[in-house]
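Observations on the model geometry
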Amino acid sequence: MEAFSQLVQRAVQAFAGARTPAELEDAKAIFLGKSGELTAQMKQLASLPVDEKKARGAEINAAKQQVEAALAARRQALADAELALQLRAESLDVTLPGRRRGSGGLHPITRAMERIEAIFGSMGFEVADGPEIETDWFNFTALNTPADHPARSMHDTFYVEGGQVLRTHTSPMQIRHAVRHVKAHRAALDAGLPMPEIRVIAPGRTYRVDSDATHSPMFHQVEGLWVGENISFKDLKSVYVSFIRAFFETSNLQIRFRPSYFPFTEPSAEIDMMFGSGPLKGRWLEVSGSGQVHPQVIRNMGLDPERYIGFAFGSGIDRLAMLRYGVSDLRLFFDGDLRFLSQFK
Ligand code: PHE
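Structural notes, computed from the coordinates. These figures come from a predicted structure and were not determined experimentally.

So, about the overall build of the chain. Of the regular secondary structure elements, the chain holds 12 helices and 9 strands. Its C-alpha atoms give the chain a radius of gyration of 45 Å, clearly above 20 Å, the size a compact globule of 345 residues would have. Taken along its principal axes, the extent of the C-alpha atoms in the chain is 140 × 50 × 40 Å. The burial tally for the chain puts 39% of its 345 residues in the buried class. Surface exposure of the chain reaches about 19,300 Å², of which carbon and sulfur atoms provide 54%. Of the side-chain charges in the chain, 40 are positive and 41 negative, and the distance between the mean point of each set is 5 Å.

A word on the site of the ligand. Around the ligand, the structure places 14 residues, and the nearest of them are H169, S171, R208, Q221 and G314. In the environment of the ligand, a nitrogen atom lies 2.9 Å from a nitrogen or oxygen atom belonging to the side chain of H169. One of the side-chain nitrogen or oxygen atoms of S171 is found 2.9 Å away from a nitrogen atom of the ligand. Residue assignment for the shell around the ligand shows that the elements contributing at least two residues are β5 (218-228), β8 (284-293) and β9 (309-316). Among the elements that take part in the shell around the ligand, β9 stands out by supplying 3 residues, more than any other.

Cut-offs used in this document
- Residues numbered from 1 in each chain as written.
- Predicted model: local features only at pLDDT ≥ 70, side-chain atom pairs only at ≥ 80, totals over all residues.
- Heavy atoms only, no water.
- Helix = DSSP H or I, 4+ residues; strand = E, 2+ residues; numbered from the N terminus.
- Rg over C-alpha atoms; globule rule 2.2 N^0.38 Å.
- Buried < 20%, exposed > 50% of the residue type's maximum accessible area, 1.4 Å probe, protein only.
- Areas by Shrake-Rupley, 256 points an atom, 1.4 Å probe, with all protein chains shown as cover.
- Lys, Arg positive; Asp, Glu negative; His and termini not counted.
- Charge placed at Lys NZ, Arg CZ, Asp CG, Glu CD.
- Near = heavy atom within 4 Å.
- Polar contact = N/O pair within 3.5 Å; in protein donor to acceptor, adjacent residues only side chain to side chain.

See the structure below:
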């Protein structure tokens, strides 16, 4: 008869040969199952004489324990292998750099505006805001712009239903802000007391029927207004030159005031600048309209032109941004192309 050690040996081999848990269960059945080899041995015990029963039973039990231990070890080995396989399949390279959320940045026009606000803020200017859909009064009439002025033409201007216009410049903010200011100081004015000066900038969107490399139907201006009892063209020059030097971070540029005409200023000037270095060296570029506020406009603000005087300017922000960032086509600002925009982060 086969020794129990050999039976155990066969069981160990059978278990080792099982490649999957199912195969292992099949192998187990051969030895430990209901009609397995060891189970059969146990059944035979009953027919043995009493004196043999005890020794034989002990042998069977010992063999059974060994087989069970081998089965448990193989089960564990198969489970470990399965887990290792799964881990390998799902493995992550934790040394790879993570996917980050892209960080945005401010639009170059917004950056230019913030710069303008900071510089004028340092010179004591408030920042005002107003509607982009304007009435004829604020956009034209109050600014002394007669009905036959070319700026009123359908050709240049977007009219909306009800006769309102998409503001063609930020100059209506001169009137809107001054009227608010005058109202706030009505009591002092009525008592003949001096009114705190009006010193404000108003940046924002403006609209004209225009489109090429230096014009877009929607563009940005910043209006400036300083009105008091003794504000002259000299102040306009010093304020504007200081602004331009701060904006471009250089004194290596020239600024000239070229006589011009606007219905709401008298005298009027276009402000040109020329760089002393860089790609624009030696070229005059127009950056702003300006002038002494016209007496009729002062009157429309609710002030006495015999007493109050000041200057105003209106500058193209997109133009300033183009010059500062070296952008050759203004339309790039509004195409929404991230390849362009992400350069300003
Ligand atoms: N509003 C004028 C324009 O858009 C510019 C300007 C503003 C001129 C203020 C004089 C004073 O062309």
